[in-house]
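Next come the chains, spelled out residue by residue.
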Amino acid sequence: MLHCKKYSVLIFILWLVGCGVDDQRMVIRMGHNFDTQHTIHRSILVMQQALERVSNNTMTLQIYPSAQLGSEREMIELLQIGSIGMTKVSASPLVSFVPEMQIFDVPYVFRNHDHFLSVLDSHVGQGLLNATAPSKLVGLGYFDAGSRSFYTTSKPVHSPADLAGMKIRVQESQMAMAMVASLGGSPTPIAWGELYTALQQGVVDGAENNPPSYYLSRHFEVAPFFTLDEHSAVPDVLLMSKVIWDDLIPTQQSWVKLAVQEAVEFQRQQWQLDTETALREVANAGVEIIQVDTAVFKDQVSTLHASFDGTSLAQTIQLIQEVGRD
């Protein structure tokens, strides 16, 4: 039996948009932009199975992979009106809806990967998830998306000086563009699906992303220099429509949270394996993997950090630095 706070015709119609009824189960529609072989999709399958188990098969997910429901921005907009129930998006495009998320685009705010994960699971990370509420979104958790590094087509990058004059693809994020500019490059926003061709045709000279994305997109075929500068760590965020969430009873909300937690634990373990595999495979394919002195890159962006003085962003950076120092 489907449990909702209200059984009015209006609420029933709303459920048929973002959720539905299938054999007396609540079906929450969830979209994401990865193919079915990607760890993200496999992790969402774990979430689906966990939700069915903890709810005694009264709730499930209907999953739409490979951007079937649109771009990440479009899926966020669908969440806001309750047309879909859940999605997974990178924190970068989420900035347009939740400005606080721009903290993840700031370069070199985390001491290392362990510190990054600790921040996500701390009161700071929860506070950022809570900041989604005014945009009619519910932040449920974070998937690990590792650290982002530069990769280039025609020459390796050993220091920020090598980026001078190079057109570097970035996501639609003001902070990401400011980061590349502070390092001497020319930031160029291009849709992810168009990037392989843009690299191949010389529209851009390089891009930046994590190792698994670099490998699975096959960008290594046209950009064979990978510089492990690890300038930023941008997580993936699991979101739910507040329209849908507010009509769940507390027990159903707890089931969703439990399912998300299982998926997060699975995804983070798999991500580490995926990163190791990606670096090994691209090296075998002839990619030059360049280890650099990240201190030089950190120094180069110090003026960018200084520009945040007196802002809420600076306060968040301070809170992040305090995590794990107790």
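This structure is a prediction, so every number in the text was calculated from the model and none was measured.

Undergrad: Please explain helix H3 (residues 72-80) as it appears in this structure.
TA: Within H3 the residues assigned to the buried category are Glu72, Met75, Ile76 and Leu79. Considered in projection along H3, the buried side chains sweep an arc of 105 degrees and stay on one side of the axis. Structurally, H3 contributes buried residues whose contacts are with strand S2 (25-31), strand S4 (86-90), helix H4 (91-94), strand S5 (137-143) and strand S11 (236-241). Positioned one or two residues after H3, glycine 82 has a phi angle of 80 degrees, which is positive.

Undergrad: Whenever I open this one, the nonpolar core confuses me. Can you help?
TA: Note that soluble globular proteins tend to have their nonpolar side chains buried in a common cluster. With 37 residues, the main nonpolar core has Leu94, Met101 and Phe104 as its most contacted residues. Counting only elements with at least two residues in this core, the list comes to H3, H4, helix H5 (113-120), helix H6 (123-130), S5, S11 and helix H14 (312-322). Per element, the largest residue contribution to this core is four residues, and it comes from H5. Contact partners of leucine 94, with chain neighbours within four places excluded, come to Ile76, Val89, Met101, Leu137, Val237 and Leu239. If you look at the next biggest cluster of nonpolar residues, it comprises 27 residues, including Cys19, Met47, Met59 and Phe143.

Undergrad: Would you mind showing me how to read the pattern of salt bridges here?
TA: Side chains carrying opposite charge are able to pair once their charged atoms draw close together. For the structure on display, the rule yields nine salt bridges. Among the ionic pairs, arginine 218 bridges to glutamate 221, the shortest N-O distance being 2.4 Å. Given a relative accessible area of 42%, arginine 218 falls into the partly exposed group. Between aspartate 246 and lysine 242 there is a salt bridge, and its shortest N-O distance comes to 2.8 Å. The class for aspartate 246 is partly exposed, based on a relative accessible area of 34%. For lysine 242, a relative accessible area of 27% gives the class partly exposed. When salt bridges that share partners are traced, they join Glu72, Lys88 and Asp236 into one network.

Undergrad: Just to check I follow, could you spell out the pairing of S4 for this structure?
TA: Each regular strand displays side chains that alternate between the two surfaces of the sheet. In terms of burial, S4 is a largely internal element, five of the five residues being buried. Burial along S4 is two-sided: the face carrying Met86, Lys88 and Ser90 and the face carrying Thr87 and Val89 are both buried. Relative to S4, S2 is paired through two bridges, and the arrangement is parallel. The partner of methionine 30 across the bridge, within S4, is methionine 86. Two elements, S4 and S11, share five bridges in a ladder whose sense is antiparallel. Bridging across to S11, valine 89 finds its partner in valine 237.

Undergrad: What's the story with the packing of aromatic side chains in this structure? I'm lost.
TA: Centre distance and the angle of the planes are the two values used to describe a pair of aromatic rings. By the definition in use, this model includes eight aromatic pairs. With centroids separated by 4.5 Å and ring planes inclined at 45 degrees, the aromatic side chains of tyrosine 151 and tyrosine 214 adopt a geometry described as tilted. Of this pair, tyrosine 151 sits in strand S6 (residues 148-152) while tyrosine 214 sits in helix H9 (residues 211-216), placing them 63 residues apart in sequence. For tyrosine 214, a relative accessible area of 1% gives the class buried. Ring geometry for tyrosine 214 versus phenylalanine 220: centroids 6.3 Å apart, planes at 70 degrees, classification edge-to-face. Summarising the burial analysis for this pair, tyrosine 214 and phenylalanine 220 share the class buried.

Undergrad: Sorry, what's going on with the side chain of aspartate 144 here?
TA: Mapped onto the elements, aspartate 144 comes out in the loop between S5 and S6. Of the side chains with opposite charge, arginine 268 lies nearest to the buried aspartate 144, which makes no salt bridge, at 6.1 Å. Among the polar contacts made by the side chain of aspartate 144, one reaches the side chain of histidine 113 at a distance of 2.8 Å. Only 2.7 Å separates the side chain of aspartate 144 from the backbone nitrogen of glycine 146, close enough to count as a polar contact. If we ignore the near neighbours within four places in the chain, the residues touching aspartate 144 are His113, Phe116, Leu117, Gln267, Arg268 and Trp271.

Undergrad: Is there a simple way to think about the pairing of S2 in this case?
TA: In terms of residue burial, S2 counts as a mostly covered element, since six of its seven residues are buried. Two elements, S2 and strand S3 (residues 59-64), share six bridges in a ladder whose sense is parallel. Note that in S3 the partner of valine 27 across the bridge is threonine 60.

Conventions used here
Along each chain, the written sequence defines residue order, and numbers are assigned to residues from 1. Residue-level local features of this predicted model are given only where pLDDT is at least 70; pairs of side-chain atoms are given and counted only at 80 or more, and the full residue set underlies all totals for whole chains, interfaces and linings. Only heavy atoms go into the side-chain values, all of them from the structure, while hydrogens and water stay out. Note on classification: 1.4 Å probe, protein chains only; a residue is buried when its accessible area is under 20% of the maximum for its type, exposed when over 50%, partly exposed between these limits. Helix and strand definitions here come from DSSP, where helices need a minimum of 4 consecutive H or I residues and strands a minimum of 2 consecutive E residues; each element is numbered from the N-terminal end. Taken from the helix axis, the directions to the C-beta atoms give the arc we talk about. Note on contacts: a residue pair qualifies if any of its non-hydrogen atoms lie within 4.5 Å across the two residues. Residues belong to a common nonpolar core when they are buried Ala, Val, Leu, Ile, Met, Phe, Trp, Tyr or Cys residues joined through side-chain atoms within 4.5 Å. In the sections that follow, a salt bridge refers to a side-chain nitrogen of Lys or Arg positioned within 4 Å of a carboxyl oxygen of Asp or Glu. Paired strands, as defined in this entry, are two strands with at least two bridges between them according to DSSP. Stacked, edge-to-face and tilted are the three classes for Phe, Tyr and Trp ring pairs, Trp counted by its six-membered ring, which pair at centre distances within 6.5 Å; planes under 30 degrees apart are stacked, over 60 edge-to-face, the rest tilted. Here Asp and Glu are counted as negative and Lys and Arg as positive; His is not counted, and neither are the chain ends. Each polar contact in these results corresponds to two N or O atoms within 3.5 Å; when the atoms are within protein, one needs to be able to donate a hydrogen and the other to accept it, and residues that are neighboring in sequence are counted only if both atoms are side-chain atoms.

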